[in-house]
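# Analysis of the macromolecular model
Listed below, chain by chain, are the residues.
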Amino acid sequence: MHIILLGTPGAGKGTQAQLIMGNYGIPQISTGDMLRAEVKSDSALGQQLKTVLEAGELVSDDLILQIVESRLRKTDCANGFILDGFPRTTPQAEGLDIILGKIENLNLKAIEISVPDEAVIRRLSARRICAGCGKIVMPQESTPKKCDDCGGDLIQRDDDKEETIRHRLDIFKESTAPLINFYREKGVYHKVNGLQTVDAVFADIERIIK
Ligand code: AP5
Ligand code: MG
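Everything quoted here is computed from the prediction, not taken from an experiment. Within every chain, residues take consecutive numbers counted from 1 along the sequence as written. Think of it this way: whatever chain is written first is A, whatever ligand is written first is 1, and the rest follow in order. A pLDDT threshold of at least 70 governs which residues receive local features in this predicted model, and a stricter bar of 80 or more applies before side-chain atom pairs are shown or counted, although totals over entire chains, interfaces and linings include all residues. As a convention, hydrogens and water are excluded, and side-chain values are obtained from all of the structure's heavy atoms.

### Considerations on the overall build of the chain
- Only runs of H or I of at least four residues qualify as helices and only runs of E of at least two qualify as strands under DSSP, and these elements are numbered from the N terminus. A count of helices and strands for the chain gives 9 helices and 8 strands.
- Over its C-alpha trace the chain gives a radius of gyration of 16 Å, about what one expects of a compact globule, namely 17 Å for 210 residues.
- Along the three orthogonal principal directions, the C-alpha set of the chain runs to about 45 × 40 × 35 Å.
- The buried label goes to any residue with under 20% of its type's maximum accessible area, the exposed label to any with over 50%, and the partly exposed label to all in between, with areas taken from a 1.4 Å probe on protein chains only. Here the chain holds 210 residues, and the buried ones make up 45% of them.
- Only the protein chains shown count as cover for residues, and all accessible areas are computed by the Shrake-Rupley method using a 1.4 Å probe. Within the structure as shown, the chain displays about 11000 Å² of accessible surface, and the carbon and sulfur contribution to it stands at 50%.
- Counting rule for charge: Lys and Arg are taken as positive, Asp and Glu as negative, and neither His nor the chain ends is counted. Every charge is mapped onto a representative atom, which is NZ of Lys, CZ of Arg, CG of Asp or CD of Glu. Side chains of the chain give 27 positive and 31 negative charges; the mean places of these two sets differ by 3 Å. Radius of gyration here is computed from C-alpha atoms only, and the compact-globule reference equals 2.2 Å multiplied by the residue count raised to the power 0.38.

As structure tokens, then:
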């Protein structure tokens, strides 16, 4: 099972990747989470990345391809993986083709979770994530302050400010949306309506991947 989750910021890629991982035992590979971990480590690279992420800009294709290639070589990817937030540009998709070219019996599905911009802005302005384990918490009327899995603090992402969200949406349209055609031409593109409940989106994804 080799899954690419495409979709605008806030479409629910991370939420669905965590569900697929929990139900099918294949790892979620979120380039955003890996980059945020580097920022948190406060390394020299992390300090450079912090500025890029906070501005909602894209990190260079070369660096992203290096990070993903070494992650995909780990043994837990032997039976498949869920790519969340990668590829995001045509050079990244072409680079991924080269990396995946070495895998036998490749069963690739590129699934776009589609959500309109205004819903994205509402969702991301309300989103909280756990600073400890990274769990994404569904916003509720009284969102708790601590993660119910690990007790970590629930925080807002630095790039979840309305102006930055709009900029990320523009970058998606410019750089990532062309990948829809890239995967459609390969015959592996699927689209699900991301405006449904989390469970209904997951049920649609399961119909595609089973
Ligand atoms: P990344 O972390 O990948 O962020 P993103 O693509 O902007 O997407 P998000 O994580 O914001 O949203 P999501 O689709 O995962 O939604 P979620 O499930 O959280 O990237 C961050 C940055 O890193 C980039 O801007 C860039 O700088 C850099 N980067 C990363 N990858 C890169 C790459 N390949 N190349 C270059 N740079 C890269 O859900 C959102 C909210 O909605 C949550 O609160 C959730 O609870 C809620 N929600 C989810 N589903 C539903 C539903 N069905 N109904 C109601 N609410 C829902
Ligand atoms: Mg995410």
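Don't stop here, the text continues.
### Points about the packing of helix α2 (residues 31–41) against helix α4 (residues 61–72)
- Lines fitted to C-alpha atoms define the axes, with helix axes restricted to the stretch in contact, and inter-axis angles between N-to-C directions lie between 0 and 180 degrees. Interaxial distance between α2 and α4 falls to 11 Å at its minimum, and their mutual angle equals 105°. The orientation of α2 with respect to α4, classified from their angle, is roughly perpendicular. The segment α2 lies against α4, with Thr-31, Met-34 and Leu-35 engaging Ile-64, Ile-67, Val-68 and Arg-71.
- Under this grouping Gly is polar, as are all residues other than the nonpolar Ala, Val, Leu, Ile, Met, Phe, Trp, Tyr, Cys and Pro and the charged Asp, Glu, Lys and Arg. For the contact of α2 with α4, the per-class residue count stands at 5 nonpolar, 1 polar and 1 charged. Each angle receives one of four descriptions, namely roughly parallel if under 35 degrees, roughly antiparallel if over 145, roughly perpendicular if within 65 to 115, and oblique otherwise. A contact between two residues is defined here by any heavy atoms of the two lying within 4.5 Å.

### Points about the layout of surface pockets
- Computed from the structure, the second largest pocket encloses a volume of approximately 330 Å³.
- Whether a set of points on the 1 Å grid over the protein atoms alone is a cavity depends on a 1.4 Å probe fitting there but being unable to get out, while an open set qualifies as a pocket with protein on both sides within 12 Å along at least five of seven lines; lining residues are those with an atom within 4 Å of a point. Taken together, 15 residues form the lining of the second largest pocket, with Gln-18, Lys-135, Ile-136, Val-137 and Met-138 sitting closest to its centre.
- Only α1 (13–24) and β6 (136–137) provide two or more residues apiece to the lining of the second largest pocket.
- Considering every element that reaches the lining of the second largest pocket, the biggest residue donor is α1, with 4 residues.
- Looking at the lining of the second largest pocket, its residues break down into 9 nonpolar, 3 polar and 3 charged. Grid points are joined across faces, edges and corners, and a volume is the space filled by probe spheres set on the points.

### Notes on the nonpolar core
- By size, the foremost hydrophobic cluster in this structure holds 29 residues, and its most contacted members are Ile-4, Leu-72, Leu-83, Leu-96 and Tyr-183.
- At the level of secondary structure, the elements contributing two or more residues to this core comprise β1 (2–6), α2, α3 (44–55), α4, β3 (81–84), α5 (90–100), β4 (108–114) and α8 (178–186).
- Element by element, the count of residues in this core is highest for α4, at 5 residues.
- Residue contacts for Leu-72: discarding those within four places in its chain leaves Ile-29, Cys-77, Phe-81, Leu-83, Leu-96, Ile-99 and Leu-100.
- If you look at the next biggest cluster of nonpolar residues, it comprises 22 residues, including Ile-26, Ile-113, Leu-169 and Ile-209. Among buried residues, the Ala, Val, Leu, Ile, Met, Phe, Trp, Tyr and Cys ones that are joined through side-chain atoms within 4.5 Å form a nonpolar core.

### Brief notes about the pairing of β1
- Most of β1 is tucked away, with 5 of its 5 residues classed as buried.
- Alternating residues of β1 divide into His-2, Ile-4 and Leu-6 and Ile-3 and Leu-5, and every residue in both groups is buried.
- Any two strands between which DSSP finds at least two bridges are classified as paired. Pairing between β1 and β3: 4 bridges, direction parallel. The residue bridging His-2 from the neighbouring strand is Phe-81, located in β3.

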